Amino acid sequence: MKKLMIVLLFIFAFASVAASPADCATGATQKRAAKKGAALYICPMDPDVKSPRPGKCPKCGMTLRAATDADVTTEVPMPGAKPATNASERQVEKAITANAAKPDAASSAASPAAENKPKSADEAAAAYFTNTVLLTQDGKPVHFYDDLLKGRVVLINFVFTTCQGVCPVMTANLAKVQEYLGERVGSHVNMISISVDPAVDTPEALKKFAESYKVKSGWYFLTGKKDDVELVLRKLGGYVADKNDHTSLLIIGNLETGQWMKMFAMARPTEIADAVIKIAGTK
């Protein structure tokens, strides 16, 4: 009996050891598969085109680019529901919250009591987005927060006029969005396209670019001093060292509710317009 028990234990131990290499191999394979699956390439023109390998888009022929964490389309939140946010949006919210909690350096120096006085939501948003002066396509100076964002719903994207890739198609698509939104644009909705190439994109160049797409009132194409434009771009997560690497994401925000979301600027115009209307109605 003892001999039988010993034999059985030996067989069991051997089976366990023999299974280990296979289990490890499976785990390694899974890790390799996960690692392989993590690499994703998308078309700048049509983000629905995805590939695990670099190459050309089979639809438009453009070079696929590596996807980033920013390449996320958030679901349109229903009124009353807490909006889904990605990492970039959480950083913006965190920054706004931090600005709301911290006193302004100049006001603190003037009044020590100001250190304990929290900023209002409006003041916090103004502090975060800044009131940097930029120029519209008409050459008009505007304060970025007070004149374009405050109390409004905004659609913001990034372009440059000499772009031979996504910019022309993206702008044409957003022109259709403006048509669907109708009189909302220019009243409580502002559309904003910021140049990532301010050295070349003068107000005159932007005006010519905008007119070629029959852009109507309420859509602002912005440029300005390089440092000023870059400051605003960084606040929005749109700064790039190479203008050709700019994102094709559209940022939609409601400055009254503090709700923000991102969509691909090449999404169907009706889908973008519906998202704007829903976020405008969110309280």
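Preceding this section is the structure that the text describes.
Residues numbered from 1 in each chain as written. Predicted model: local features only at pLDDT ≥ 70, side-chain atom pairs only at ≥ 80, totals over all residues. Heavy atoms only, no water.

Give a detailed account of the sheet that holds strand β6 (residues 153-159), specifying residues and quantitative values.
On the basis of which strands lie adjacent, the open sheet formed by five strands has the order β8-β7-β6-β9-β10 and mixed pairing. Of all the strands in the sheet, the pair left with one neighbour each is β8 (219-222) and β10 (259-264). Mean inter-strand twist for the sheet, computed between neighbouring axes without regard to direction, equals 20°. For β6 and strand β7 (residues 189-195), the ladder comprises seven bridges, and the chain directions are parallel. Paired with V159 across the strands is S195, a residue of β7. Along the sheet, helix α8 (residues 226-236) contacts β6, β7 and β9 (249-254); its crossing angle with β7, the most-contacted strand, is approximately 120°. Lying on the sheet, helix α9 (residues 269-280) is in contact with β6, β7, β9 and β10; it crosses β10 at an angle near 175°. (Pairing = 2+ DSSP bridges. Helix = DSSP H or I, 4+ residues; strand = E, 2+ residues; numbered from the N terminus. Axes fitted to C-alpha atoms, helices over the stretch in contact; angles between N-to-C directions. Contact = heavy atoms within 4.5 Å.)

Which residues make up the pattern of salt bridges, and what values go with them?
Enumeration according to the criterion identifies five salt bridges in this entry. When the shortest N-O distance is used, the salt bridge between E271 and R268 registers 3.1 Å. Under the relative-accessibility criterion, E271 is labelled partly exposed at 36%. Judged by relative accessible area, R268 falls into the exposed class, the value being 57%. Here the residues in one salt-bridge network are D138, K207 and E211, joined through shared partners. (Salt bridge = Lys/Arg side-chain N within 4 Å of Asp/Glu carboxyl O. Buried < 20%, exposed > 50% of the residue type's maximum accessible area, 1.4 Å probe, protein only.)

Pulling in residues and values, what's your account of the nonpolar core?
Counting 55 residues, the largest nonpolar core has F129, F144 and I194 as the members making the most contacts within it. For this core, the leading source of residues is helix α6 (residues 166-181), giving seven residues. (Core = buried A, V, L, I, M, F, W, Y, C linked by side-chain atoms within 4.5 Å.)

Give a detailed account of the packing of aromatic side chains, specifying residues and quantitative values.
Summed over all chains, the structure comprises five aromatic pairs. Here F209 and F221 contribute two aromatic rings whose centre-to-centre distance is 6.1 Å and whose plane-to-plane angle is 75°, an arrangement assigned as edge-to-face. With F209 in helix α7 (residues 203-211) and F221 in strand β8, this residue pair connects regions lying twelve residues apart in the sequence. The exposure class assigned to F209 is buried, which follows from its relative accessible area of 9%. Judged by relative accessible area, which is 0%, F221 ranks as buried. Counting every residue linked through ring pairs, the aromatic cluster contains F209, Y213, W219 and F221. For K235, the ring lying beneath its charged end belongs to Y128, and the centroid distance is 4.7 Å. (Phe/Tyr/Trp six-rings, centres within 6.5 Å; stacked < 30°, edge-to-face > 60°. Lys NZ or Arg CZ within 6 Å of the ring centre and 35° of its normal.)

An account of α9 is needed here, citing residue identities and associated values.
Working note: α-helix, 3.6 residues per turn, so residues spaced by three or four point in the same direction. The end-to-end C-alpha separation of α9 is 16 Å, in line with the 16 Å expected for twelve residues at 1.5 Å each. Among all positions of α9, only P269, I272, A273, A275, V276 and I279 are buried. With its buried residues spanning 160° around the axis, α9 presents them on a single face. Against β6, α6, β7, β9 and β10 lie the buried residues of α9. (Expected span 1.5 Å × (residues − 1). Arc of directions from axis to C-beta.)

Outline the environment of H246, supporting the account with residue identities and numerical values.
Considering the arrangement of structural elements, one finds H246 in the loop between α8 and β9. Along the backbone, H246 and V159 are 87 residues apart, and their C-alpha atoms lie at a distance of 7.6 Å. If sequence neighbours within four positions are ignored, H246 has contacts with F158, V159, F160, V166, C167, M170, V196 and V240. Among the polar contacts made by the side chain of H246, one reaches the main-chain carbonyl oxygen of F158 at a distance of 3.2 Å. (Polar contact = N/O pair within 3.5 Å; in protein donor to acceptor, adjacent residues only side chain to side chain.)

Tell me what's going on with the environment of F264, and back it up with residues and numbers.
Take F264: it is sitting in strand β10. Residue F264 is classed as buried on the basis of its relative accessible area of 14%. Sequence separation between F264 and N157 is 107 residues, and the spatial gap between their C-alpha atoms is 9.7 Å.

Quick rundown of the sheet that holds strand β2 (residues 50-51)? Include the residues and the values.
Across the sheet, three strands lie side by side as β2-β1-β3; this open sheet has antiparallel pairing. Either end of the sheet is taken by a strand with one partner, and the two such strands are β2 and β3 (65-66).

An account of the pairing of β9 is requested, with residue identities and associated values reported.
For β9, the buried fraction is high: six of the six residues fall into the buried class. Burial of the side chains of β9 extends over both faces: L249, I251 and G253 are buried on one face and L250, I252 and N254 on the other. One ladder, built from four bridges, connects β6 with β9; its direction is antiparallel. Directly across from I156, in β9, lies its bridge partner I251. By the bridge criterion, six bridges tie β9 to β10 in an arrangement that is antiparallel.

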